[in-house]
Every structure is written in C-alpha cells, then in structure tokens.
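# Residue-level structure breakdown
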Amino acid sequence: MAEESGEVAQEEPEDQVKKTDAEILYLEVAALTGIDPQTADVLEERIERARGGRATYVITAAQNATPVFAAGWKTLLAYCLHNSAQLLVIPHRYKNPTSVWSAKAQSHDWWAKETRPYLFNRRVELNKHLVVLGDVMTQPTAKRPLEGFETISAAKSAIIGHPKLELLTIPTPGTRLPKIMTTTGAITKKNYIPSRAGKEGEFHHTFGAAVAEVVGDRFYLRQINMRRDGSFCDLLTEYDGDTRRTYRRVPALVMGDTHVEVIDPQVVKATFTDDNSMVKVLRPEQLVWHDTFDGAAKNHHERGRPFHAYARYKAGKANVEAELNRCFALIDKVTPAATKNVFVASNHNDFLREWVENTDPRRDPENCVFWAETYLAIVRSKNTAWTTAGATVEDPFAHWGRKRLRTAAQAVFLDRSQTYRIQGIEVSFHGDRGSGGNPGSRSVYDKIGSKTILGHTHAPGIQGGAYQVGTSSRLNLTYTVGQPSAWLHTHCVIYPNGKRCLLNVIEGKWRA
C-alpha cells in the first residue's frame, strides 16, 4: 500500500475521474444541445419560489439548429425586463437533414446560444391550474399541434411550445372553468424544407409568445404576436427593440356573445364599469357585439314546453318588448361617448324575427300589440323587398335599435350580406353559418383566406386566421346543466398594428 511504502497517492487527472451516469448524461445534454440541466434547475426553482404569489411568465419556443429571429428576440428580452417577467424557451425539434441554416443539423442537435439561459425542457406547474409542458417536443409542421394533447395535462390548462399559434378550450364537468390549451409561437427563424408540409409550416409560423400572468390560483393568458420587424403590441404599449411607445386607444374590442338578459354581472364590471375595466383601460374606438339580444322571453327552442313558459310568466320575463328595452338600456349605459357600436347579424338577434314569423298574436295577449307593431315595421320597411337575388327582409332588432337606442347615432347594424373590416380583419361573421349553407366552425373560416373574428359557440379559440370569442353570459345556464362545457368569458382586442389577442375574464378580472 502507498502509506506503508511511504509513497504519496497521486490524484487522477480530472478528465479520468469516474463519473456517475447522471453526471455523464448532464455533460452530454449540455454539450450536444445547449440545454443545460443546471439552467433548467434554476428556472424551475424560480417558478417554485413564485408559486402561490404573483408572477408573469413569457413562454416561447425555439427550433433546433436554427438562429433566433434577432429583432424579435431583442424586443422580447426588453419586454421581459420592463414587465419583470420570467422568460421560458421551450425547445422543439425538426428532423430536417436539408436545413437551410445548417448542413450539420442532422447530426448536431443544438439550439441557438442566445436561448440557452432560458431553455426549459421540463413539465412544471405555474400554479394549481396551469402547467407548462416543456418536456413535449412537437413537430413544427403539425397542422393541429394541440391535437392528441387534450388529456395530457389532466384537468390543468397547458402551454405547449410550437411555432403555429393555436388555442382551444376543453370541456370540463360541473361548474369548473374549461381547460385552456395553447401553443406559444416561436422566436427562431423560419426553417423548413421545401415540401408540402414544410411550406404549410412556414406559412403558419408565428413569431411570438404566450404571456401568463399568475396570481395565486388564478391565471390570465394573452398572446404576443410579432410583426415582421420584431415589434409587437401588448395592451396599450407597442414594443420595438428597446423602444416603448404607448397609444391612447385600441381600434376595437370584439366581445363574447352578450346575451343581455342572462349576462354575467362580473363580466359587465370587468368589461365596462370597473375603473380598470377593458373598455376604460383600452378605450376601443369600436365595440363589436355578437348575440346582443338573448330572446329568452320567447325562445323558439322552448316552444311547446309549458312549464318553461309558466316559469317565465311567473318571473315577469315573458314580455318581448320589455326584454328588448332592457337590452337597449344596457347598451346605452355602457357605451362611451366616442365609441362606435357594431352589431353583427347573429342567430339570437334573429330570434325576434322568428318570433314574429311563427307566433299567433291572438294566443299571446301580453305581446300582441308589440307583435303587431313589429310586423307592420317589417312589411313597411324599404328593406323588405324582392331583389334579383331573392327576398330580403328587414331585421326587427336593427329596426327597433335605430329607433330606441339613445346611442343609435353611434351604431352600425350589419346584415348577413355585409362585410365589415377593422385593421384588415373581417368581423362581420357571427359563426353560426359556414360555407354553402353548412354550419360554421373555426376550421371553415380558417380556410377562407381572410383573417376573421367569430362568435357563436361560446368556446373561444384560435385556428390559423380564425379567432373566436367566448360568451358574456352566465356559464351555468339551464340548457347547459349536466353537460361538460368549454364556455369561457373571452373577448378579442384588435391592436393598432393589426394583430389580435384574446382576453379572458376570470373571477371578475381580466388581468393581474
């Protein structure tokens, strides 16, 4: 032995010391990919410390063997600094042997060095209701990147890294809020092979990120959608590199289906009346309304249901004119002086015309006079006429709105044949009708080649160029009881740069 012989034991050179399997894996991962497990440890520790309190996270995605979008990266870092936000970059991998950025992409699985301090490839809860799925590496050419992941986060909402921006709500049972699934957009350049899938991926590639504001058990999600120069808008500020510019107003707020008769009071406060409501903060130049009138007094879906009719009568809710007047009263109350109201032709607004067409006024003495007045207004209107395309009929909701709204001078009532664009975005579609007389859906409107914002389903989402708002009504209406629901209180803001963002109202608040 060395001690017995008087010899001094020599230490082995550092590179010859036997390493554990975990240490070997750590070094291999860090060397080959730039995803340093130690960095992920630090990021996860920060998230753990912030849990239960208030924090802001900005989550984006980065593709392997691809440079960052430099202008967007600079702006994103400045945004995080200004808003005290933690940046997380989810890596995703494209098996791309003919990468236009690196001939070594097939054998060198690396990520841009700028992103390495923020790379996060783990699954972590931001709070008890929201999880970041950093361990999910998606294929960037996936047409529907959220498809198949609906249950992966159990009952929690989830954020998945992907360059195509997509959002959907998953129905949940009882009175729980639906689960939100969203992708992030990316911060690396477009890097696709010239195949059909590659060209589709390139077209849908979005430079952007998801913003998650977390307050205790609540969270508020927004989308950052960059322009080609790397600038983007968030609420009332435009970020461009190190520069910040504020603007006084946004062009428009498209609201979730209003249904005044059953509107949620918390949504009224968060949208209109609180000092920090969306309308008072964002000061939209135009408010776009879907399903403003509910039609509960004479809902044709409940025709032939005598117990429902009796309950309405007993509660004093069977008078059509009174319901319509309550609808107009709310509009007048919440409309700012310098704001235009745009009323989209919608199926619930159409309930008024359907009631006139299908009612025998002799059997409804409470409503017979208003029925007669509305009938005469329709048949005497110049809009009820025969045209080369067939018959056109006056919209009674629009007729009475022009006559009874105090804010009628600020109102535009769209009919089904009209288009109406704000910042290049078509807002005239309600979403109940698709192409060729078929029912509407986001997938239908995604294919028409125009950017659109829809209503109707009460389940918000993003699919390609089609954004869909939620509802402003209560979420637990009688005809939804006992059913899983994807309904959510969600509006959509249109920014001065022509980009859009969904804004959710959670427990009466729309931001942290």
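Our subject is the structure that appears above.
Since the structure is predicted, the reported quantities are computational estimates derived from the model, not experimental observations.

Even without being a glycine, Ala-154 presents a positive backbone phi close to 55°. Tracing the backbone shows Ala-154 in the loop between strand 4 (130-133) and strand 5 (157-160).

Once that is clear, we can look at helix 3 (residues 37-50). The end-to-end C-alpha separation of helix 3 is 20 Å, in line with the 20 Å expected for 14 residues at 1.5 Å each. The set of residues buried in helix 3 consists of Thr-39, Ala-40, Leu-43 and Ile-47. Around the axis of helix 3, the buried residues are gathered within 100° of arc, so they sit on the same side. Contact partners of the buried residues in helix 3: strand 1 (54-63), strand 2 (85-92) and strand 3 (123-127).

Turning our eyes to something else, we now look at a nonpolar patch on the surface. Together, Tyr-375, Leu-376 and Val-379 give the surface a local cluster of nonpolar side chains, amounting to about 260 Å² of exposed area. Following the sequence through the fold, Val-379 ends up in helix 11 (residues 368-380).

Leu-282, Leu-352 and Phe-397 are the most contacted members of the largest nonpolar core, which totals 45 residues. Ranked by residue count, the leading element in this core is helix 9 (residues 320-334), at seven residues. Within the second largest apolar cluster, 41 residues are counted, among which are Ile-59, Tyr-220, Tyr-420 and Ile-506.

Take the sheet that holds strand 2 next. Reading across from one edge, 2-1-8-9 is the order of the four strands in this open sheet, with mixed pairing throughout. A single partner strand is all that each edge strand has here, and the edge strands are strand 2 and strand 9 (218-225). The mean inter-strand angle of the sheet, taken between neighbouring strand axes irrespective of direction, is 25°. With six bridges joining them, strand 1 and strand 8 (residues 208-215) adopt antiparallel strand pairing. Bridge pairing in strand 8 places Ile-59 opposite Ala-210. Strands in contact with helix 3 are strand 1 and strand 2; relative to strand 2, the strand with the most contacts, it is inclined by about 135°.

What counts and what doesn't
- Every chain's residues receive numbers from 1 upward, in the order its sequence appears when written.
- Confidence filtering applies because this is a predicted model: local features only for residues at pLDDT of at least 70, side-chain atom pairs given and counted only at 80 or more, and all residues used for totals across whole chains, interfaces and linings.
- For the side-chain quantities, the full set of heavy atoms in the structure was used; hydrogens and water were omitted.
- Per the convention used, a helix needs a DSSP run of H or I reaching at least four residues, while a strand needs a run of E reaching at least two, with both numbered from the N terminus.
- The span one expects for a helix is its residue count, reduced by one, times 1.5 Å.
- Partly exposed describes any residue whose relative accessible area lies between the buried limit of under 20% and the exposed limit of over 50%, with all areas from a 1.4 Å probe on protein chains only and scaled to the type maximum.
- Directions from the helix axis toward the C-beta atoms define the arc.
- Contacts are assigned to residue pairs that have any heavy atoms within 4.5 Å of one another.
- Candidates for patches are residues over 30% relative accessible area with no salt bridge; among them, like charges are joined within 9 Å and nonpolar side chains (Val, Leu, Ile, Met, Phe, Trp, Tyr) within 5 Å.
- Residue-level accessible areas treat just the shown protein chains as cover; the underlying method is Shrake-Rupley with a 1.4 Å probe.
- Salt bridges are counted wherever a side-chain nitrogen of Lys or Arg sits within 4 Å of a carboxyl oxygen of Asp or Glu.
- Buried Ala, Val, Leu, Ile, Met, Phe, Trp, Tyr and Cys residues form a nonpolar core when they are joined through side-chain atoms within 4.5 Å.
- For two strands to be treated as a pair, DSSP must find at least two bridges joining them.
- Axis definition: a line fit to C-alpha positions, over the contact stretch in the case of helices; interaxial angles, taken between N-to-C directions, run 0 to 180 degrees.

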